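Overview (structure and organization)
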Amino acid sequence: MLKMMSLSFVPLLLAVGALTLESNKAEYDYFQYHPMEEISSWMAQMAKEYPDVVTIVDYGKSYENRTISLMRIGMKTDAKKKAIWMDCGIHAREWIAPAFCQYFVRQILQTYKTDAKMEAMMTNMDFYITPVLNVDGYIFSWTNSSTRLWRKNRSPGPSGDCYGTDLNRNFDANWGTVGVSSDCNSNIYPGRGPISEPEAQAVTYFVGSRKEDFLCFLTIHSYGQLLLIPYGHPNFTASNYDELMKVGEGAAEAIWKVHGEKYRVGTSPAVLYANSGSSRDWARMQDIPLTFTFELRDNGTYGFELPKEEIQPTCEEAYSGALHIITYAHDKTFNGATATVAAAVWTMLLVLGVNLM
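Attention here is on the structure that accompanies the text. Everything quoted here is computed from the prediction, not taken from an experiment.

Let us look at the state of the cysteines. Under the defined criterion, the tally for this structure stands at two disulfides. C88 shares a disulfide with C101; S-S distance 2.2 Å. Because the sign of the S-S torsion sets the handedness, a value of about 85 degrees for the bond joining C88 and C101 places this disulfide among the right-handed ones. Remark: C101 occurs in helix 3 (residues 96-111) and C88 occurs in strand 3 (residues 82-88); sequence separation between them is 13 residues.

We now examine the packing of aromatic side chains. As enumerated under the stated definition, the model contains 22 aromatic pairs in all. Considering the side-chain rings of W95 and W142, the 4.2 Å spacing of their centres and the 10 degrees angle between planes classify their relative orientation as stacked. Separated by 47 residues along the polypeptide, W95 in the loop between strand 3 and helix 3 and W142 in the loop between helix 5 (135-141) and helix 6 (198-208) bring together distant segments of the chain. Taking relative accessible area as the criterion, W95 reaches 11% and is therefore assigned buried.

S222 connects to Y223 through a cis peptide bond whose omega is 5 degrees. Within the secondary structure, Y223 is located in the loop between strand 5 (214-222) and strand 6 (226-229). Cis peptide bonds are those with omega within 30 degrees of zero, and the linkage from P230 to Y231 qualifies with 5 degrees. With respect to the secondary-structure elements, Y231 resides in the loop between strand 6 and helix 7 (241-259). Positive phi, normally seen in glycine, also occurs at D287, with a value near 70 degrees.

Our focus in this paragraph is the sheet that holds strand 3. Read from one edge to the other, the open sheet built from eight strands follows the order 1-2-4-3-5-8-6-7, with strand pairing classed as mixed. The strands lining the two open edges of the sheet, one partner per strand, are strand 1 (54-61) and strand 7 (264-267). Across the sheet, the mean angle separating the axes of adjacent strands is 20 degrees when strand polarity is ignored. Of the strand pairs in this sheet, strand 1 and strand 2 (residues 67-73) are connected by seven bridges, and their pairing is antiparallel. Directly across from K61, in strand 2, lies its bridge partner T67. Sheet strands in contact with helix 7 are strand 6, strand 7 and strand 8 (290-296), and its direction is about 35 degrees off that of strand 8.

What follows deals with the side chain of T204. If you trace the backbone, T204 turns up in helix 6. Of note is the side chain of T204, whose polar atom sits 2.8 Å from the backbone oxygen of A200. Excluding anything up to four places from it in sequence, T204 contacts F171, I195, S209 and W282.

Let us now look at the pairing of strand 3. Most of strand 3 is tucked away: six of the seven residues are buried. As defined by bridge partners, strand 3 adjoins strand 4 (residues 125-130) across six bridges and the pair is classed as parallel. For W85, the partnering residue across the bridge sits in strand 4 and is Y128. Looking at chain direction, strand 3 and strand 5 are connected through six bridges and run parallel.

The next thing to look at is the pattern of salt bridges. In total, this model carries 12 salt bridges according to the counting rule given. Between D166 and R151 there is a salt bridge whose closest N-O contact spans 2.7 Å. Of this pair, D166 sits in the loop between helix 5 and helix 6 while R151 sits in the loop between helix 5 and helix 6; the two residues are 15 residues apart in sequence, bridging distant segments of the chain. Neither D166 nor R151 differs from the other in exposure class; each is buried.

Turning next to the nonpolar core. Of all hydrophobic cores here, the largest spans 88 residues; its most connected members are I73, W85, F100, F104, F127, L218 and F294. Top contributing element to this core by residue count: helix 3, with 10 residues. Non-local contacts of F104, meaning those with residues more than four positions away in its chain, are made with M86, F127, I129, Y319, A322 and I326.

In terms of burial, strand 4 is a largely internal element, six of the six residues being buried. A two-sided burial pattern is seen for strand 4, the buried positions comprising M125, F127 and I129 on one face and D126, Y128 and T130 on the other. Examined bridge by bridge, strand 2 and strand 4 share three bridges and lie antiparallel to one another. Directly across from R72, in strand 4, lies its bridge partner Y128.

Packing of helix 2 (residues 36-49) against helix 3 brings their axes to within 12 Å, and their N-to-C directions diverge by 15 degrees. The orientation of helix 2 relative to helix 3 falls into the category roughly parallel. Considering only the axes of helix 2 and helix 3, their crossing is left-handed. Touching I39, W42 and M46 of helix 2 are P98, Q102, V105 and L109, all from helix 3. A per-class count over the contact of helix 2 with helix 3 returns six nonpolar, one polar and no charged.

Glancing now at the environment of T77. Structurally, T77 can be placed in the loop between strand 2 and strand 3. C-alpha of T77 to C-alpha of T123: the two residues are 46 residues apart in sequence and 8.4 Å apart in space. One polar contact links the side chain of T77 to the main-chain amide nitrogen of A79, over a distance of 3.1 Å.

Here is what the cut-offs are and how they apply
Residues numbered from 1 in each chain as written. Predicted model: local features only at pLDDT ≥ 70, side-chain atom pairs only at ≥ 80, totals over all residues. Heavy atoms only, no water. Disulfide = S-S within 2.5 Å. Helix = DSSP H or I, 4+ residues; strand = E, 2+ residues; numbered from the N terminus. Phe/Tyr/Trp six-rings, centres within 6.5 Å; stacked < 30°, edge-to-face > 60°. Buried < 20%, exposed > 50% of the residue type's maximum accessible area, 1.4 Å probe, protein only. Pairing = 2+ DSSP bridges. Axes fitted to C-alpha atoms, helices over the stretch in contact; angles between N-to-C directions. Contact = heavy atoms within 4.5 Å. Polar contact = N/O pair within 3.5 Å; in protein donor to acceptor, adjacent residues only side chain to side chain. Salt bridge = Lys/Arg side-chain N within 4 Å of Asp/Glu carboxyl O. Core = buried A, V, L, I, M, F, W, Y, C linked by side-chain atoms within 4.5 Å. Parallel < 35°, antiparallel > 145°, perpendicular 65-115°, else oblique. Left-handed = near helix turned anticlockwise from the far one by under 90°. Nonpolar A, V, L, I, M, F, W, Y, C, P; charged D, E, K, R; others polar.

Okay, here's the thing in structure tokens:
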């Protein structure tokens, strides 16, 4: 009898073991750094788990012919929607940036069904999130310890004996004027001309072809604990500078409230260094009103090689800051639009002499 019970118990143990393995396989560690292959698999898994709100969009090819993909997240509707842009990993060595994009996606997907505000934002807007923009460079940075701090993409320079363009100097925004080097071996080599690189072309076309839809453009970097606003060139000032500073300071306060970390807010020349050709500046020149660069942790102790133990607190505080900016953009557009319509109706009734009493 005992022998028969033992034999019948074996399939049960195997079944439980299989379920355990499947469960472990399904768990994704958001507080580890992941290579590109794992990030791509995670993106596909999110689209599978949340088919009503997540769509994968391929919108470009890298120099080495890899697909550049984003996640469009929002309630599906036939109505034209406003949009939020977020990209991570434009600089290959800044591994905390793709980690944040993944965390951000997880958070909004876990909260939209229970949080009325997030549900409203996903109803009114679509989030366009690129976890890794510089795909070639990111993969190269994972090769070995000697490539870990690679920054640029992988296109060859004009002489053929050097590689890589700084994608955040390649956009058509005062291109090549300040904060760049003509030496193609330099980390701040801006390319042969504005938008010469396929990765910059992909963003320029995708965002530029629907620029009137975007309320906000967030590009995530490290390090330095900064929130940078346009413009990188010291001779130019954004027309809504005061608004950008106010919103940025509100985001910095939201960040500080999470773990007590201070982020400075300002233009790049004011708090970092002058530069040109950034995606942030280009986006503002397309009349996208709220454009910010996040420089995540830390202040230089570990720099680009932020320990994995720092991933969770960094993501938690940055999420709070990003959410502040996004909520402001949403409420200004939709709450403001409601108030404007109501005021217009009220004015019209008064003009027509309608007796409201």
